[in-house]
Amino acid sequence: MTLRSETPPPPANLPVDPPPDSDAPTTAQLKGDIDSGRTADKTPHMDVGAAPLGTCEEAGGTPPTSQEVRLARQNERAPSEKAAKGYVHQRQPWVLPAYAGFIVLAAVALGVGLWLTH
């Protein structure tokens with residue numbers, strides 16, 4: 001398969017710019033905050049969804065108001081202690097060495113236990 005220059009990349013490869021602030025925000029702007037990484041709970045990339053945010057509420061006859069969306073954007077964008085420490089994106093440098101150490105310790109304990117039983 002050869003990609004030609006006019007073939008667009010998959011949506012997940014496209015960069016997502018954070019949406020502008022607005023006096024009457026929409027659920028599309030909330031999704032833009034999430035996709036751009038502004039909420040610090042996922043890696044910034046476009047996430048193609050089967051139904052955009054707010055679709056279910058709109059279909060049910062109760063679309064979110066701009067005040068509800070504004071509150072959601074403020075709450076989602078609020079910096080958290082976990083985001084500041086990097087927990088959100090699995091940046092925990094001690095996890096892999098601890099896991100490897102546990103495997104080695106279990107193997108040594110098993111080996112010593114077998115050696116002592118013979």
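None of these values were measured; they are calculated from a predicted model.

Cut-offs used in this document
Residues numbered from 1 in each chain as written. Predicted model: local features only at pLDDT ≥ 70, side-chain atom pairs only at ≥ 80, totals over all residues. Heavy atoms only, no water. Helix = DSSP H or I, 4+ residues; strand = E, 2+ residues; numbered from the N terminus. Contact = heavy atoms within 4.5 Å. Areas by Shrake-Rupley, 256 points an atom, 1.4 Å probe, with all protein chains shown as cover. Patch = residues over 30% accessible without salt bridge, like charges linked within 9 Å, V, L, I, M, F, W, Y side chains within 5 Å. Salt bridge = Lys/Arg side-chain N within 4 Å of Asp/Glu carboxyl O. Buried < 20%, exposed > 50% of the residue type's maximum accessible area, 1.4 Å probe, protein only. pLDDT = per-residue confidence, 0-100. Axes fitted to C-alpha atoms, helices over the stretch in contact; angles between N-to-C directions. Parallel < 35°, antiparallel > 145°, perpendicular 65-115°, else oblique.

We now examine the overall build of the chain. Regarding its fold elements, the chain presents five helices and zero strands. Reading the helices (α) and strands (β) of the chain from amino to carboxyl end gives α-α-α-α-α. Excluding contacts between residues fewer than 6 apart, the proportion of contacts in the chain whose partners are at least 24 apart in sequence is 58%. When the accessible surface of the chain is split by element, carbon and sulfur atoms take 63% of a total near 9200 Å².

What follows concerns a nonpolar patch on the surface. Among the surface-exposed residues, Val104, Val108, Val112, Trp115 and Leu116 lie close enough to one another that they form a single nonpolar patch of about 550 Å² accessible area. Relative to the elements of secondary structure, Val112 occurs in helix α5 (residues 95-117). Taking relative accessible area as the criterion, Val112 reaches 40% and is therefore assigned partly exposed.

Another point: the confidence of the model for the chain. Across the chain, pLDDT averages 80, with 76% of residues at or above 70. Of all helices and strands in the chain, the one with the weakest mean pLDDT is helix α4 (residues 81-85) (57), whereas α5 scores best (94).

Another aspect to go through is the pattern of salt bridges. According to the stated counting rule, one finds four salt bridges in the structure shown. Residue Asp35 pairs with Lys31 through a salt bridge whose shortest N-O separation is 2.6 Å. Linking Asp35 with Lys31, this pair stays in helix α1 (residues 27-35), spanning four residues, or about one helical turn. Judged by relative accessible area, Asp35 falls into the buried class, the value being 6%. Overall, Lys31 belongs to the partly exposed group, its relative accessible area being 23%.

Another point: the packing of α1 against helix α3 (residues 66-77). Close contact between α1 and α3 brings their axes to 9 Å; oriented N to C, the two are set at 10°. Classified by the angle their axes make, α1 and α3 are roughly parallel. Between α1, through Thr27, Gln29, Leu30 and Asp33, and α3, the contact on the second element is made entirely by Val69, Ala72, Arg73, Glu76 and Arg77.

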